[in-house]
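Breakdown of the fold
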Amino acid sequence: MVETLFPMLARYNAWANERVYAAAGALDDYALRMDCEAFFGSVHRTLNHLITADRIWMRRFTGEGPSPRALNEVPYDRFANLATARRAEDARIIAWVEGLSSAELAGRFRYQPITNPVDIEQPLAPALLHFFNHQTHHRGQCHAMLTRLVGKAPELDLIMFQRESGMGM
């Protein structure tokens, strides 16, 4: 099951990101950057946090890619550039996850958190669950902000993705 779970979550992640980015892309710049009192403030800053955190984790997992120094970095001021980078990062995540073997998923890895640089070793599979859950958590914040800003946000339930894609059915 674990061999199919993570590829499904990687594809769900990209599907949900496309939906959130489509809704966010319809906002004007003021609304996109408006402080909605979420953890990272605005839709724009929250989406930047997500790509930053994904890059941090992908660097930990693979040893490759950008190496952000802070969780609140804003690597993309322009939304169009952020959306392009998001699609590329999602493709990278899918390719990496779909290439993992059962042995790799059962293995362990080492890393240092940015906020407390001590060595941590843990199994890969539970860290991947965190990785995808973290995306869901902050996309949920974006969903709430979009609802506040425009009165409606896209459907993001995993079951909707499963029904559309056939994965997990």
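Look a little higher up for the structure.
Residues numbered from 1 in each chain as written. Predicted model: local features only at pLDDT ≥ 70, side-chain atom pairs only at ≥ 80, totals over all residues. Heavy atoms only, no water.

Attention shifts here to the pattern of salt bridges. Per the counting criterion, the structure on display carries 12 salt bridges. The salt bridge partner of Glu 89 is Arg 55, with a shortest N-O separation of 3.4 Å. Note that Glu 89 is positioned in helix H4 (residues 79–98) and Arg 55 in helix H3 (residues 43–62), a separation of 34 residues in sequence. Note that Glu 89 and Arg 92 form a salt bridge whose closest N and O atoms lie 2.7 Å from each other. With Glu 89 and Arg 92 both in helix H4 and 3 residues apart, this pair spans about one turn of that helix. With a relative accessible area of 4%, Glu 89 lands in the buried category. The network of salt bridges with common partners includes Arg 108, Arg 110, Asp 119 and Glu 121. (Salt bridge = Lys/Arg side-chain N within 4 Å of Asp/Glu carboxyl O. Helix = DSSP H or I, 4+ residues; strand = E, 2+ residues; numbered from the N terminus. Buried < 20%, exposed > 50% of the residue type's maximum accessible area, 1.4 Å probe, protein only.)

As a further point, take the pairing of strand E1 (residues 108–111). Residues Phe 109 and Tyr 111 point to one face of E1 and are all buried, whereas Arg 108 and Arg 110, pointing to the other face, are not buried. Where E1 and strand E2 (residues 120–123) come together, 4 bridges link them in antiparallel fashion. Paired with Arg 110 across the strands is Glu 121, a residue of E2. (Pairing = 2+ DSSP bridges.)

Keep in mind that these numbers describe shape and distance, not what the molecule does.
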